[in-house]
Amino acid sequence: MPQPRRFVVEADGGSRGNPGPAGYGAVVIDPATGETLAEAAEYIGVATNNVAEYRGLIAGLRAVRALLPDGPADDGPQVLVRMDSKLVVEQMSGRWKIKHPDMKPLAAEAASVLPASAVTYEWIPREKNKHADRLANEAMDAGKRGRQWEPSASTADLDTPRSSVAAALPPVSGPPGDAAAGAARARAALNRPAPSATATPKVGWGAAPDLGEPATFVLLRHGETALTPEKRFSGSGGTDPELSATGRGQAERAAEAFAARGTVQEIVSSPLRRCRETAGAVAARLGLEVRIEEGLRETDFGAWEGLTFGEVRERYGADLDAWLASAKAAPTGGGESFAEVARRVAATRDRLVSRYAGRTVLVVTHVTPIKTLVRLALGAPPESLFRMELSAASVSAVAYYADGNASVRLLNDTSHLR
């Protein structure tokens, strides 16, 4: 009976900013000889380290599948995945729970590439993952130039011995197969051509490469609720007020303004009622559907929900001081810290940027998500959240380009309400 084919996959991902411009790299190795059978790398735009690492894993497993002309058989293959990401290795091995909602679909996608019985995972230190790390950095460097990684330009072959890789699995007793043809199939399946929009950079001060039309987020804060003029904490931790009469009027005036401009092509909204009502008014005028995005919800303010700043100061003074001093401090009673909100919002932003590249999207959400998107686009520190004014039903705008850079175009515009 023929022995199953054996492969070693080494994968890595990185983000220059976390979140920031990100890329992944993956290499498939013959454990018997140490030969590189396939490589994959890609610049993926703005993402976190964890997202990039999962994307590298998925690419590596897909490269193995592409090396099997008839797909995975019942008796094989056997794949050892080696990564320096403790999170990915432990989650995919089933030893750690996957709590983050953005990691769950990536883990599910990785698990679906090959049968679970065919894949085992091993953590390795970073210095033993140099090949995949170099591929990921090549991909990020290419993205910085407005291009995608190309195998012909790769310098990621290691100059270190492969003895540890060759010893990772028992020798293969069956025929080695056509490695060259398999690698070609893997590259054809995994590597996209460089985008046509990657032209030579323009000449001039501050000029950037022509990266095509950006994904433009038009950020609309919801209209007023009964809590808004009283300046009460109104998040997602229990309070879900509807728009007041004033808020409904603001939503209608915003709808009129967007109809006159004629630029909005898609609408996404926080799941909370005040945003859904505001988005619904615009959608009815534009004839568009509203897509709900859970990651756009407001901060959970815990025990502070419904209270004024002064009331929180009186009841929870020490907690409030800590919250004002550190983005990692959470409101009393299990609320969300600004650091947690930033991770959630950044992950949602990445999905939307990828989904709506080149399009103008109306994003109907709340104070903290909008300020967070602006802060991240500017590369500003967390304390800048307290230095922005954001009125009810105000409009801001951020454009996201293919190289991972962002441009803030508008902040707190209320001219449509006058």
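Since we're looking at a predicted model, the values are computed, not measured. (Residues numbered from 1 in each chain as written. Predicted model: local features only at pLDDT ≥ 70, side-chain atom pairs only at ≥ 80, totals over all residues. Heavy atoms only, no water.)

### Some remarks on the nonpolar core
Nonpolar side chains in soluble globular proteins generally cluster together in the buried interior. Among the nonpolar cores identified, the biggest contains 38 residues, and Val-28, Leu-57, Leu-61, Val-79 and Val-81 are the most heavily contacted of them. Those elements giving two or more residues to this core turn out to be strand E1 (6-15), strand E2 (20-29), strand E3 (36-47), helix H1 (49-66), strand E4 (78-83), helix H2 (86-92), helix H3 (103-113) and strand E5 (119-123). Among the elements that make up this core, the one with the highest residue count is H1 (nine residues). Sequence-distant contacts of Val-79, defined by excluding residues within four places in its chain, comprise Phe-7, Val-9, Leu-61, Val-64, Leu-114, Ala-118, Val-119 and Thr-120. Counting residues in each nonpolar core, the second largest holds 20 residues, with Val-341, Val-361, Val-367 and Leu-390 among its members. (Core = buried A, V, L, I, M, F, W, Y, C linked by side-chain atoms within 4.5 Å. Buried < 20%, exposed > 50% of the residue type's maximum accessible area, 1.4 Å probe, protein only. Helix = DSSP H or I, 4+ residues; strand = E, 2+ residues; numbered from the N terminus. Contact = heavy atoms within 4.5 Å.)

### Points about the pattern of salt bridges
Pairing is possible between side chains of opposite charge, provided their charged atoms come close. What the rule picks out here adds up to 23 salt bridges. Between Glu-311 and Arg-232 there is a salt bridge, and its shortest N-O distance comes to 3.0 Å. In this pair, Glu-311 is assigned in helix H9 (residues 309-315) and Arg-232 in the loop between strand E6 (215-221) and helix H7 (245-261), connecting sequence segments 79 residues apart. Taking relative accessible area as the criterion, Glu-311 reaches 24% and is therefore assigned partly exposed. For Glu-293, the salt bridge is made with Arg-351, and the minimal N-O distance between the two is 3.4 Å. Of this pair, Glu-293 sits in the loop between strand E8 (290-292) and H9 while Arg-351 sits in helix H11 (residues 338-355), and the two are 58 residues apart along the sequence. Through salt bridges with shared partners, a single network forms among Asp-12, Asp-84, Arg-126 and Asp-133. (Salt bridge = Lys/Arg side-chain N within 4 Å of Asp/Glu carboxyl O.)

### Structural notes on the sheet that holds E4
Spatially, E3-E2-E1-E4-E5 is the arrangement adopted by the five strands of the open sheet, whose pairing is mixed. Since the sheet does not close on itself, it has two edges, and those belong to E3 and E5, each with one partner. Strand-to-strand twist of the sheet, defined as the mean angle between neighbouring strand axes without regard to direction, takes the value 20°. In this sheet, E2 lies alongside E1 in antiparallel orientation, the contact comprising eight bridges. Bridging across to E2, Gly-14 finds its partner in Gly-23. (Pairing = 2+ DSSP bridges. Axes fitted to C-alpha atoms, helices over the stretch in contact; angles between N-to-C directions.)

### Quick word on the pairing of strand E7 (residues 266-269)
Inspection of the sheet shows E7 paired to strand E9 (residues 360-365) by four bridges, in the parallel sense. In the strand pairing of E9, Ile-267 is matched with Leu-362. Where E7 lies against E8, three bridges are found, and the strand directions are parallel. Its bridge partner lying in E8, Ile-267 is registered against Val-290. Of the crossover connections in this fold, the one passing from E7 over helix H8 (residues 273-286) to the parallel E8 is right-handed. (Right-handed = clockwise from strand over helix to strand, strands pointing away.)

### A look at H11
The terminal C-alpha atoms of H11, which comprises 18 residues, lie 25 Å apart, in line with the 26 Å expected from a rise of 1.5 Å per residue. Along H11, the residues classified as buried are Phe-338, Ala-339, Val-341, Ala-342, Arg-344, Val-345, Ala-346, Ala-347, Thr-348, Arg-349, Asp-350 and Leu-352. Each element contacted by the buried residues of H11 is listed here: E3, E6, E7, helix H10 (317-325), helix H12 (367-378) and strand E10 (395-400). (Expected span 1.5 Å × (residues − 1).)

### A look at the side chain of Thr-225
Turning to its location among the elements, Thr-225 is positioned in the loop between E6 and H7. With near-sequence residues (within four places) excluded, Thr-225 lies in contact with Pro-241, Glu-242, Leu-243, Ser-244 and Arg-274.

### Examining the confidence of the model for the protein
A low pLDDT score tells you not to read the predicted coordinates there in detail. With 83% of its residues at a pLDDT of 70 or more, the protein shows a mean pLDDT of 83. Per-element confidence in the protein is highest for E9, whose mean pLDDT is 97, and lowest for helix H6 (residues 179-190), whose mean pLDDT is 38. Overall, residues 158-164 carries pLDDT values under 50, and its contacts beyond four positions in sequence, including any with other chains, amount to eight contacts. Under a pLDDT of 50 for its full length, residues 166-210 has, in the predicted model, 61 contacts with residues more than four places off or in other chains. (pLDDT = per-residue confidence, 0-100.)

### Concerning the sheet that holds E9
Pairing is mixed across the open sheet formed by six strands, whose spatial order is E8-E7-E9-E6-E10-E11. With partners counted over all chains shown, the strands left at the sheet margins are E8 and strand E11 (406-413), one partner each. Across the sheet, the mean angle from the axis of one strand to that of its neighbour is 20°, orientation sign disregarded. Against the sheet, H7 touches E6, E9, E10 and E11, its axis set at about 155° to E6. Sheet strands touched by H8: E6, E7, E8 and E9. Its angle to E7, the strand with the most contacts, is close to 165°.

### Some remarks on unusual backbone geometry
Backbone geometry places Lys-231, a non-glycine residue, at a positive phi of 55°. On the secondary structure map, Lys-231 appears in the loop between E6 and H7. Residue class for Lys-231 comes out exposed when judged on its relative accessible area of 67%. The backbone phi angle of Ala-393 is positive, close to 65°, even though this residue is not glycine. With respect to the helices, strands and loops of the structure, Ala-393 is situated in the loop between H12 and E10. Looking at Ala-393, the relative accessible area reads 2%, which means it is buried.

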